[in-house]
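Observations on the model geometry
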Amino acid sequence: MPNASSWSASSPLLLLWEDSSGTRIFLSLLYAILAISGTLSNVMVIYLVFSFKKLQTTSNAFIVNGCAADLSVCALWMPQEAVLGLLPPNSSSLRSAEYRLLRGGLLGLGLTVSLVSHLLVAFNRYVLITKLPSVYQALYQRRHTGCMIGLSWALALLLLPLLPGLWSPGSAQQPPPRQTDGSSRYTALLLALAVLGQTALLLHCYLGIVRRVRGSAKRVSVLNFHLLHQLPFPAAPPPPRRAQRRLSSVSVLLLCCVFLLGTQPLVWVSLLGFFLRPAPPALQAASWLLLCSLSALNPLLYTWRS
């Protein structure tokens, strides 16, 4: 029997060789729940944006792009993992290298475009709120927006051949390469650094938005204070700017916290495996599960206030 550090070919990210049938059934059920909820929520967001003209904005175009990428994970990859987790590890359905590469390609394509779409949405909102309207209109013309969306998919397609060991570990008859293998270790390091860079840019955009909104609200409050004292008649009560500001801050904080919770465990597990020693297989599996679950949570994160 393979040792505890060997990954299962039936589910290269979550299931281990020695997992009991109860564990495999539980993980398959979890996959099924994420697949159903993620597919419904992503399809609903895409349907609403295409159905209502007032929702067809540049920011929503990037959100729809992310939903389309998440469908690759929720509607195509997760159902296969839910079914394969119920099969015995030596099943003939699990031995095809082409099939494993197809599953890995769906996962890699969806996650890469989804992460890039997160950054595109954040940068779009940052430019909209912190820059002049003329700058925003010049940058986000229809043609430029289409090019950004196309480049996100082109980048994912270019990266897929570079990450075969990451998306599709070894076969059922032979254990996958050890974590100490040079190529897999450097692949994990590049993945960690890429996600760290994307996270830093995303946090910079959203924190810049919060600072700008808070600063603008303070200037407006000071101006209103002086004007109210010069009016010869009682003024109407000011709008609840503080409550609106607090709700906006909570929305940004929630988005950033969920994104960090989904991406950072995999980053630090990868860095731990490169610089020190490989993390336990269960911890690696949990970090991948959190990253994949973002595909089901993304539509709710961007639309819960609407």
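Residues numbered from 1 in each chain as written. Predicted model: local features only at pLDDT ≥ 70, side-chain atom pairs only at ≥ 80, totals over all residues. Heavy atoms only, no water.

**A few points about the overall build of the protein**
When you go through the protein residue by residue, the secondary structure sums to 9 helices and 0 strands. Relative to its 306 residues, the protein shows a buried fraction of 44%. A fraction of 78% describes how many contacts in the protein between residues 6 or more apart in sequence connect residues 24 or more apart. Carbon and sulfur atoms form 71% of the exposed surface of the protein, whose accessible area is close to 16800 Å². (Helix = DSSP H or I, 4+ residues; strand = E, 2+ residues; numbered from the N terminus. Buried < 20%, exposed > 50% of the residue type's maximum accessible area, 1.4 Å probe, protein only. Contact = heavy atoms within 4.5 Å. Areas by Shrake-Rupley, 256 points an atom, 1.4 Å probe, with all protein chains shown as cover.)

**Observations concerning the side chain of Asn 60**
Along the polypeptide, Asn 60 turns up in helix α2 (residues 58–84). One polar contact links the side chain of Asn 60 to the main-chain carbonyl oxygen of Leu 55, over a distance of 2.6 Å. (Polar contact = N/O pair within 3.5 Å; in protein donor to acceptor, adjacent residues only side chain to side chain.)

**Points about the nonpolar core**
Membership of the largest hydrophobic core comes to 52 residues, with the highest contact counts inside it found for Trp 77, Met 78, Leu 111 and Tyr 206. Of all the secondary-structure elements, those providing two or more residues to this core are α1 (21–51), α2, α3 (97–130), α7 (182–230), α8 (241–275) and α9 (281–303). No other element matches the 10 residues that α2 contributes to this core. (Core = buried A, V, L, I, M, F, W, Y, C linked by side-chain atoms within 4.5 Å.)

**Regarding the UniProt feature "transmembrane region" (unreviewed entry) in the protein**
Taking the numbering used here, the UniProt-annotated feature "transmembrane region" (unreviewed entry) corresponds to residues 25–50, 62–80, 100–123, 144–167, 187–209, 250–276 and 282–304. End-to-end, the C-alpha atoms of residues 100–123 are 35 Å apart, and along that stretch the chain is 100% helix and 0% strand. End C-alpha to end C-alpha, residues 282–304 measures 32 Å, and it is 96% helix and 0% strand. (UniProt positions renumbered as here; feature names shortened; annotations may be inferred.)

**A few points about the pattern of salt bridges**
Enumeration over the complete set of coordinates arrives at 1 salt bridge. One salt bridge connects Arg 103 with Glu 81, and the closest N-O pair in it is separated by 2.8 Å. You can see Arg 103 sitting in helix α3 and its partner Glu 81 sitting in helix α2, a full 22 residues away along the chain. Of the two residues, Arg 103 and Glu 81, neither departs from the other in class, the shared state being buried. (Salt bridge = Lys/Arg side-chain N within 4 Å of Asp/Glu carboxyl O.)

**Some thoughts on α9**
With 23 residues, α9 should reach 33 Å at 1.5 Å per residue; the first-to-last C-alpha distance of 34 Å fits that figure. The largest bend along α9 reaches roughly 50° and is located at Ala 296, with the proline Pro 299 sitting one to four residues downstream. (Expected span 1.5 Å × (residues − 1). Bend = angle between axes of the 7 residues up to and from the residue.)

**Side note on the confidence of the model for the protein**
Looking at the protein as a whole, the pLDDT averages 76, with 71% of positions reaching at least 70. Considering only residues more than four positions removed or in separate chains, one finds that residues 1–13, a stretch of pLDDT under 50, has 47 contacts. Predicted confidence is poor over residues 219–240, with pLDDT under 50, and the contacts of this stretch with residues over four places away or in other chains come to 4 contacts. (pLDDT = per-residue confidence, 0-100.)

**Brief notes about a nonpolar patch on the surface**
Residues Met 44, Tyr 47, Leu 48 and Phe 52 make up a contiguous nonpolar surface patch of roughly 400 Å² in combined accessible area. Here Leu 48 is to be found in helix α1. (Patch = residues over 30% accessible without salt bridge, like charges linked within 9 Å, V, L, I, M, F, W, Y side chains within 5 Å.)

**Brief notes about the environment of Ala 156**
Considering the arrangement of structural elements, one finds Ala 156 in helix α5 (residues 142–159). Between the alpha carbons of Ala 156 and Val 113 there is a distance of 6.1 Å; along the sequence they are 43 residues apart. When sequence neighbours within four positions are dropped, the list of residues in contact with Ala 156 reads Leu 109, Thr 112 and Val 113.

**Thoughts on the packing of aromatic side chains**
We describe a pair of aromatic rings using the distance from one ring centre to the other and the angle between the two ring planes. Taken as a whole and judged by the stated rule, the model has 4 aromatic pairs. Both rings, one in Tyr 136 and one in Tyr 140, keep their centres 5.0 Å apart while their planes meet at 35°; by these two values the pair is tilted. Judged by its relative accessible area of 14%, Tyr 136 is buried. Here Phe 274 and Phe 275 contribute two aromatic rings whose centre-to-centre distance is 4.8 Å and whose plane-to-plane angle is 85°, an arrangement assigned as edge-to-face. Accessibility expressed as a relative area gives 13% for Phe 274, which makes it buried. Among the aromatic side chains, those forming a connected cluster through ring pairs are Phe 62, Tyr 136 and Tyr 140. (Phe/Tyr/Trp six-rings, centres within 6.5 Å; stacked < 30°, edge-to-face > 60°.)

**So, the packing of α2 against α5**
Where α2 contacts α5, the axes come no closer than 11 Å and their chain directions differ by 20°. It follows that α2 is roughly parallel to α5 by the angle criterion. Crossing hand, α2 versus α5: right-handed. Residue-level contacts link Thr 58, Ala 61, Phe 62, Asn 65, Ala 68 and Ala 69 of α2 to Thr 145, Met 148, Ile 149, Ser 152 and Trp 153 of α5. Taken together, the residues of the contact of α2 with α5 break down into 7 nonpolar, 4 polar and no charged. (Axes fitted to C-alpha atoms, helices over the stretch in contact; angles between N-to-C directions. Parallel < 35°, antiparallel > 145°, perpendicular 65-115°, else oblique. Left-handed = near helix turned anticlockwise from the far one by under 90°. Nonpolar A, V, L, I, M, F, W, Y, C, P; charged D, E, K, R; others polar.)

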